[in-house]
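Next come the chains, spelled out residue by residue.
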Amino acid sequence: MAQYDVVIIGGGPGGYNGAIRAGQLGLKTAIVEGRGKLGGTCLNVGCMPSKALLHASEMYEAATGGEFAKLGIEVKPKLNLVQMMAQKAESVEALTKGVEFLMKKNKVDYIKGWGRIDGPGKVVVKAEDGSETVLETKNIVIATGSEPTPLPGVTIDNQRIVDSTGALSLPEVPKSLIVIGAGVIGLELGSVWKRLGAEVTVVEFLDRILPGTDTEVANAFQKILAKQGFKFKLGAKVTGATASAKQVELTVEPVAGGAAETLQADYVLVAIGRRPFTEGLGLESVGIVPDKRGVIANDHFKTTAPGVWVVGDVTSGPMLAHKAEDEAVACMELIAGKAGHVNYGIIPGVIYTSPEVATVGQTEDDLKAAGVAYKVGKFPFLANSRAKINHETDGFVKVLADAKTDRILGAHAVGPNVGDMIAEICVAMEFGGSSEDVARTCHPHPTRSEAFRQAAMGVEGWTMQA
Ligand code: FAD
Ligand code: NAD
């Protein structure tokens, strides 16, 4: 029987990053993954394939939507959806192979099959051929991730009514696509198909898009998306769906009450959130009881069962790959007797649409609700020279700082490349930095990052370029 220091169940960003760190720390480690490939949701059916299609569709739209012509580039683009999907699959394959290489490099055993906890210190792995291997270990780390939340009355067949996985591989560009849920998946994948030619309608239960995001940013973003052609039905609930061979019929009612209506579309994407995945995991064998939403609770990554830890989407907190990664690193460091820690106040969130949305720290809504005295500095991309020269002037940056100490409390932006640039604010916040620290840091010109500097200057009222 194999003996380990750590057995990780799940090969996603939580699992594989944890395995790498455990290997670096000299822990004898195994990673168990059932889907046949490492990388989890993120690499196989999440972050990476969605970004491959967002990139390709953005290029296509630039060529077809008039942007190339405006730049003086005349082309006659033709969509080859098969090739677009093939390049996505090739990139994903290369990434998952890369993770496999990293397991070898860090002396981690990759065990293929579905893992089941079988009492303290024991994991049974069932391979595809039905054979079982028993692993004995001092520590078990649960990193089994999440799955799409189903919507009662709307059965996902992944033919006409699809979840995010189905929406990453539609066989054709829909003439019409209805997205249920104005969250991150709905707006990213809605953007992909919109750019490729679909008419996209987003049906959202709440009266706003992107709940939890700074309201001013979300409202500005909604206007930008509407300008791009997105249609929104807010405050609306879907009560049923009927799929035929070529179409879906949805019944939708206003949440506030009123007459129901019927909507038709070629395809429907259900994107109303994700829920933890723990099926067949044997939690009962170690007495772990998830909460009503399926979440396994943790205290510094420890579950209620001695020697069993949990990280990533399957536990509390935002369902983001970098959050899973950071938790996994800290968890392994704690297992190795070091001081692992995650700063949950500084986990950035990015929506990879065009323009992008990026947020970190507290929103203005949070600060108002908590009665915190704060100052705001804002800067529009319309006044940023690089954005102007590139014809990408939609959006703005907002920096929020403590009214007394000037410490940065949050930053929220919609605009070109803000997803990359928010990292500068994360670093500043991690160092307890002030808006003045960012405002007085020399930024390269001409870059979009100057918009962050100018917004930071705005906190003390000395924005110079707007
Ligand atoms: P997962 O990645 O879900 O990995 C868990 C793995 O465990 C899976 O591979 C599963 O097969 C395996 N598993 C489960 N049970 C068992 C078992 N019993 N035995 C063996 N293996 C098991 N996040 C971002 O930060 N940025 C993005 O741009 C982004 N884009 C996304 C786009 C889409 C369409 C989706 C769906 C998600 C996206 N996410 C994004 C979210 C991100 O994918 C997740 O937050 C992240 O993958 C969570 O990592 P994890 O390791 O906790 O779980
Ligand atoms: P989400 O939580 O972002 O959005 C779900 C949306 O659906 C919300 O606006 C919610 O109000 C709405 N909703 C819920 N029930 C509804 C109903 N019955 N009818 C209509 N609307 C309803 O969830 P998601 O978009 O499915 O994404 C799931 C997770 O994946 C998120 O936690 C997200 O963090 C992660 N993700 C991240 C990225 C990224 O970081 N770029 C990309 C994709 C997914």
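Residues numbered from 1 in each chain as written. Chains lettered and ligands numbered in written order. Predicted model: local features only at pLDDT ≥ 70, side-chain atom pairs only at ≥ 80, totals over all residues. Heavy atoms only, no water.

Close to ligand 1 lie 39 residues, the nearest being Gly-14, Glu-33, Thr-41, Lys-51 and Gly-115. The separation between a nitrogen atom of ligand 1 and a polar main-chain atom of Gly-34 is 3.2 Å. Coverage of ligand 1 by the protein chains reaches 94% of its 1000 Å² of free accessible surface. For the shell around ligand 1, the secondary-structure elements that each account for two or more residues are helix 1 (13–24), strand 2 (29–33), helix 2 (40–45), helix 3 (47–64), strand 4 (114–117) and helix 9 (321–335). Class assignment of the residues belonging to the shell around ligand 1 gives a composition of 16 nonpolar, 18 polar and five charged. (Near = heavy atom within 4 Å. Polar contact = N/O pair within 3.5 Å; in protein donor to acceptor, adjacent residues only side chain to side chain. Areas by Shrake-Rupley, 256 points an atom, 1.4 Å probe, with all protein chains shown as cover. Helix = DSSP H or I, 4+ residues; strand = E, 2+ residues; numbered from the N terminus. Nonpolar A, V, L, I, M, F, W, Y, C, P; charged D, E, K, R; others polar.)

Glancing now at the pairing of strand 4. Alternating positions in strand 4 separate cleanly, Gly-115 and Ile-117 being buried on one face and Trp-114 and Arg-116 remaining unburied on the opposite face. As paired elements, strand 4 and strand 5 (residues 122–126) share four bridges and run antiparallel to each other. Bridged to Ile-117 within strand 5 is Val-123. (Buried < 20%, exposed > 50% of the residue type's maximum accessible area, 1.4 Å probe, protein only. Pairing = 2+ DSSP bridges.)

Another point: the site of ligand 2. Among the 22 residues in the neighbourhood of ligand 2, the closest are listed as Ile-185, Glu-188, Glu-204, Gly-273 and Val-350. Residue Glu-188 places a side-chain N or O atom 2.9 Å away from a nitrogen atom belonging to ligand 2. For ligand 2, whose free accessible area comes to 840 Å², the fraction covered by protein is 78%. At three residues, helix 7 (residues 184–195) tops the list of elements feeding residues into the shell around ligand 2. Per-class residue counts for the shell around ligand 2 are 15 nonpolar, three polar and four charged. Formed jointly, the shell around ligand 2 draws a minimum of three residues from each of two domains, domain 1 (2–147 + 275–342) and domain 2 (161–272). (Domains from an automatic or database assignment.)

Next up on the list: the domain arrangement of the chain. Under the domain assignment used here, the chain contains domain 1 (2–147 + 275–342), domain 2 (161–272) and domain 3 (347–459). On a C-alpha basis, the centroid separation for the pair domain 1 and domain 2 is 28 Å. Listed per partner, the contact involves 16 residues of domain 1 and 14 residues of domain 2. In total, domain 1 and domain 2 occlude about 1200 Å² of area from one another, counting both sides; carbon and sulfur atoms represent 67% of this. The largest contributions to the domain 1 side of the interface with domain 2 come from Val-45, Leu-54 and Leu-81, which together make up 34% of the buried area. Summed over the shared surface of domain 1 and domain 2, the number is one salt bridge. Where Glu-188 meets Lys-51, a salt bridge forms, and the shortest distance between an N and an O atom there is 2.8 Å. If you look at where domain 1 meets domain 2, you find five residue pairs in polar contact (both at pLDDT 80 or more). (Contact = heavy atoms within 4.5 Å. Buried area = accessible area lost by both parts, 1.4 Å probe. Salt bridge = Lys/Arg side-chain N within 4 Å of Asp/Glu carboxyl O.)

Right, let's talk about a nonpolar patch on the surface for a bit. Taken together, the side chains of Leu-71, Ile-73 and Val-75 present a nonpolar region at the surface, about 250 Å² in accessible area. Counting through the fold element by element, Ile-73 comes out in the loop between helix 4 (67–70) and helix 5 (81–105). (Patch = residues over 30% accessible without salt bridge, like charges linked within 9 Å, V, L, I, M, F, W, Y side chains within 5 Å.)

Here the focus is unusual backbone geometry. Of the consecutive residues Ser-354 and Pro-355, the connecting peptide bond is found in the cis state with omega at 0°. Tracing the backbone shows Pro-355 in the loop between strand 18 (349–351) and strand 19 (356–361). For the bond running from His-445 to Pro-446, omega is 0°, close enough to zero to count as cis. For His-300, which is not glycine, the phi dihedral falls at a positive 50°. Mapped onto the elements of the fold, His-300 is located in the loop between strand 16 (274–276) and strand 17 (308–310). A relative accessible area of 55% means that His-300 is categorised as exposed. Within the chain, His-391 stands out as a residue other than glycine whose phi angle is a positive 55°. In this structure, His-391 sits in the loop between helix 11 (385–389) and strand 21 (396–402).

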